[in-house]
Amino acid sequence: MSDRIPLMAGNWKMNLNHLEAIAHVQKLAFGLADKDYEAVEVAVLPPFVDLRSVQTLVDGDKLKIKYGAQDISAHDSGAYTGEISGPMLAKLRCAYAVVGHSERRQYHDETDELCNAKVKAAFRHDLTPILCVGEGLDVRKAGNQVAHTLAQVDGGLKDVPAEQAETIVIAYEPVWAIGTGEVATPEDAQEVCGAIRGRLAELYGQEVADKVRIQYGGSVKSGNIAAIMAKPDVDGALIGGASLDADEFVKIVRFRDQ
Ligand SMILES: O=C[C@H](O)COP(=O)(O)O
């Protein structure tokens, strides 16, 4: 039995302004106010402009909800218009920074090389990267999902030492299942999450591989989370659309109640 603590992270994407963010986190806090969820770590990943509001609420009310950013610059400062740096996120006491979400790879041409630089930038500032990997529909149809995803893992972790790698979170998100309602089967999720852990063992040894949390992402809802979480190599979920509904997100966090 794994002692990895599941991580349920809500990726709000480009939704909820800073006022809506406050109302939303208050609803989550209310829904998670008892002790039942303590064995699950809960995080929200709001747009950058919401982070200060979320920080103020979490600090002020001593909430256990963690928060992080949806992206991070590979650079620490300088003439990079529009970018947000690791030191800025660390100053806001972010716990996490998402790296290489498929929407960044698709719409902003983010490569494995850039993702690797962002992973290192996050570690430089004590932020935990959530490295997103996963195949598109064409790759899945060709049956190459494992090789494709492991190449992204290799690229993202290049020259990352074991003591950092053991703290990373990897999110397996088959692109064809994101926002489509098309959820991967628990077996699909396990196939690739298990392969990712196997690759981590090859790269860093089994002890490190056993510490890394691997999430599944793609049309997760309260109705399918329990079956996905029953798989041995799935340690949580990266939740998009369903995380915008506070009641639904709380139900996902409480997957063990089902
Ligand atoms: O980061 C979250 C994923 O892209 C999944 O999004 P979704 O739950 O809306 O399918």
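Residues numbered from 1 in each chain as written. Predicted model: local features only at pLDDT ≥ 70, side-chain atom pairs only at ≥ 80, totals over all residues.

The name given to the protein in an unreviewed UniProt entry is Triosephosphate isomerase, with the source organism recorded as Streptomyces iranensis. According to the UniProt record, the Catalytic activity (unreviewed entry) comment for the protein reads "D-glyceraldehyde 3-phosphate = dihydroxyacetone phosphate". Here is the UniProt Subunit (unreviewed entry) comment for the protein, exactly as written: "Homodimer." (UniProt positions renumbered as here; feature names shortened; annotations may be inferred.)

The next subject is the site of the ligand. Neighbouring residues of the ligand: 14 residues in total, closest N11, I178, G217, G240 and G241. In terms of residue class, the shell around the ligand is made up of five nonpolar, eight polar and one charged. (Near = placed C-beta within 6 Å. Nonpolar A, V, L, I, M, F, W, Y, C, P; charged D, E, K, R; others polar.)

A few words on the pairing of strand β1 (residues 7-11). With five of five residues buried, β1 lies mostly within the body of the structure. Taking every second residue as pointing to the same face, both faces of β1 are buried, with L7, A9 and N11 on one and M8 and G10 on the other. Across four bridges, β1 lies against strand β8 (residues 236-239) in parallel orientation. Residue pairing across strands places A9 opposite L238, the latter belonging to β8. (Buried ≥ 20, exposed ≤ 12 C-beta atoms within 10 Å, placed from the backbone. Helix = DSSP H or I, 4+ residues; strand = E, 2+ residues; numbered from the N terminus. Pairing = 2+ DSSP bridges.)

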